[in-house]
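Coordinate analysis (summary)
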Amino acid sequence: MAVSRESFYFKQFTDLLFSVDLFDYPATWIDDSDIEIKEKIILEKLEKHLDQFSKETAAVIIEPLVQGAGGMNVCRPEFLQKCVILFKSHRILIIFDEVMTGFGRTGELFACLKSNTQPDIICLSKGLTGGFMPLSVTACSDFIYEAFLGNDFSRALGHSHSFTANPLGCAASLASLDLLLLPETQSQIKMIEKIHKEELLLLSQQHSQITKTRYCGTIAAFDLVLSADYGSATSIQLRERFLKQGLIIRPLGSIIYLLPPYCISEIDLKRAYEIIRYELNQYFQ
Ligand SMILES: *Cc1c(COP(=O)(O)O)cnc(C)c1O
């Protein structure tokens, strides 16, 4: 909660949260001409901050390549690489939250692989079991693991819970991994990315109300030129319109995104875009 942006979900807990420093995410999209300058400004701010506060900074937590519920914001691998170099030079632990981006979502197995960056700690969940069973993993590099390794219990990370390594969860996860690594699944992931690319281009050409089209692997998103907060009447109305056509879309305010399961067929994915086109035409006419 503390590292998340202020949210009405967390209001009651505000007094309990520890303080964190937040930095902007250099969100980019297709035909974004300002991205280099945006990244530069953020990196300079980070650098300045670290020059002053690196000793008091325990770790940095980032959603690599795509920021999920925060707005389906896509950033460039170049930015991540520069961040990682900067944090490593200050000896600050890097935590990648890959709960959403992990297990193929960005087109590669993990966003850190796709961006050629190496975090110290990685958080995994959702795609781990294909969403079928609740299971999560926090993995870390050897030097962190070894810090807790020894015969003396005082070294142990004595923090666990009743259902750690739940056998059914682990079995579901292994089965899901087997499926994910099949060549068929890998070509599905490529197919989804290809359709996103083609359809987003069409959408942005046909609708002046659509901006900031972006995709990363199987994740596609765009903004609608209208003001609608998360959970606002407009946002709910849009969701209901899509749902009536059999398409489950949860707009994040004015942001529409598609995160299809890897088993989706080309026909169904194209149909999803057809519905979006149709409903937006109706909505904006
Ligand atoms: C869903 C999500 C979470 C929450 O994961 P849980 O396993 O429910 O705790 C955390 N981070 C990101 C990026 C997510 O998308």
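My aim in this report is to walk through the structure given alongside it, one point at a time.

Parameters at a glance
- Residues numbered from 1 in each chain as written.
- Predicted model: local features only at pLDDT ≥ 70, side-chain atom pairs only at ≥ 80, totals over all residues.
- Heavy atoms only, no water.
- Phe/Tyr/Trp six-rings, centres within 6.5 Å; stacked < 30°, edge-to-face > 60°.
- Lys NZ or Arg CZ within 6 Å of the ring centre and 35° of its normal.
- Buried < 20%, exposed > 50% of the residue type's maximum accessible area, 1.4 Å probe, protein only.
- Helix = DSSP H or I, 4+ residues; strand = E, 2+ residues; numbered from the N terminus.
- Pairing = 2+ DSSP bridges.
- Near = heavy atom within 4 Å.
- Polar contact = N/O pair within 3.5 Å; in protein donor to acceptor, adjacent residues only side chain to side chain.
- Areas by Shrake-Rupley, 256 points an atom, 1.4 Å probe, with all protein chains shown as cover.
- Nonpolar A, V, L, I, M, F, W, Y, C, P; charged D, E, K, R; others polar.

Looking at the packing of aromatic side chains
Overall, the coordinates contain two aromatic pairs when judged by the stated rule. Lys 38 extends its terminal NZ or CZ atom over the ring of Trp 29, reaching a point 3.9 Å from the ring centre.

Regarding the pairing of strand β1 (residues 59-62)
Here β1 shows a buried face lined by Val 60 and Ile 62 and an unburied face lined by Ala 59 and Ile 61. Of the pairings in the sheet, the one linking β1 to strand β4 (residues 93-97) comprises four bridges and is parallel in character. Note on β4: the bridge partner recorded for Ile 62 is Phe 96.

Observations concerning the site of the ligand
Close contacts around the ligand come from Glu 63, Asp 97, Val 99, Met 100, Ser 125 and Lys 126, and that covers them all. The side chain of Asp 97 places a nitrogen or oxygen atom 2.7 Å from a nitrogen atom of the ligand. At a separation of 3.0 Å, an oxygen atom of the ligand approaches a polar side-chain atom of Ser 125. Contact with the protein chains removes 53% of the 390 Å² of surface that the ligand exposes when unbound. Taken together, the residues that form the shell around the ligand break down as two nonpolar, one polar and three charged.

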